Amino acid sequence: MDETRHPQTPHPGHETTDVNIWAVGKFGIALVVVCVVSVALLWGLLKYFQSQEATSVATTIEPTKLFPQPQLQKTPILGLRAIRAEEDRILNSYAWVDQPKGVVRIPVAQAIEILAARGLQAHSTPPATKEVPK
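Since the model is a prediction, treat every value here as computed from it, not as a measurement.

A. Representation of the overall build of the chain. In terms of helices and strands, the chain carries four helices and two strands. Each helix (α) and strand (β) of the chain, taken in turn from the N terminus, gives the series α-α-α-β-β-α. Only carbon and sulfur atoms are counted for the fraction: they give 64% of the accessible area of the chain, which is about 13900 Å².

Pasting the structure below:
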C-alpha cells in the first residue's frame, strides 16, 4: 500500500536520481582522449608517408617507347585542323588525278555549277536477266 501514499509536500528543484553525472563525464573525457589519440596517430602516419615519398626516386616514363601503336595524339585539335586544311586544299584546287588518261580534279564549287548547268546523266536500266530453266 505504499503506492497509494503520496509525498507530503513536493520539493522544488530537479530530479537528482535520473542521470549519473560521473558516468557522462567519464564518457566525455574518454571521447576527447580517443579523438586526440586518433588525430595524433593520423598525423604520424601522414609524416611517415611523406618521408617515404621524399626518399623514393621518381622515374620518367617515355610513353612513345612504352606503349604500342596506336597512341593518343598529343595535340588532337591541331591534328584535326591540319586534316581539315588538307581536305579544303584538295576540294578547292585543280590537280591531275591521272595525267596519261587526262583525268583532272576541279574545285567542288565549280563541279557543282557544271552539274547544275548540264544536269545528271540518266542511268539506263540494267538488262533483265534470263531465268535458267530447272
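B. Summary view of the pattern of salt bridges. Going through the model one piece at a time under the given rule, you end up with one salt bridge. Between Arg 89 and Glu 86 there is a salt bridge, with its nearest N and O atoms 2.6 Å apart. Highlighted residues: Arg 89 and Glu 86, both in helix α3 (residues 76-91), separated by three residues, approximately one helical turn.

C. Quick peek at helix α1 (residues 21-55). An ideal rise of 1.5 Å per residue puts 51 Å on 35 residues; α1 measures up with 52 Å between its terminal C-alpha atoms. The N-cap residue of α1 is Asn 20: its side-chain oxygen and the backbone nitrogen of Trp 22 are 3.3 Å apart.

D. The arrangement of the side chain of Ser 93 in detail. Structurally, Ser 93 is set in the loop between α3 and β1 (95-98). The class of Ser 93 is buried, set by a relative accessible area of 17%.

Calculation rules
- All residue numbers here refer to positions counted from 1 along the written sequence of the relevant chain.
- Per-residue local features of the predicted model are confined to residues with pLDDT of at least 70, and side-chain atom pairs are confined, for both listing and counting, to 80 or more; whole-chain, interface and lining totals are unaffected and use all residues.
- Only hydrogens and water are removed before side-chain values are computed, so all heavy atoms of the structure are retained for them.
- Only DSSP runs of H or I reaching four residues or more are called helices, and only runs of E reaching two or more are called strands; each is numbered from the N terminus.
- Every accessible area reported is derived by Shrake-Rupley at a probe size of 1.4 Å, with residue values counting cover from the shown protein chains alone.
- One speaks of a salt bridge when a side-chain nitrogen belonging to Lys or Arg is within 4 Å of a carboxyl oxygen belonging to Asp or Glu.
- Helix span, as expected, comes to 1.5 Å for every residue beyond the first.
- For this analysis, a polar contact is any N or O atom pair within 3.5 Å, provided that within protein one partner can donate a hydrogen and the other can accept it, and provided that sequence-adjacent residues contribute only side-chain to side-chain pairs.
- Throughout this description, buried means an accessible area under 20% of the type-specific maximum (1.4 Å probe, protein chains only), exposed means over 50%, and partly exposed covers the range between.

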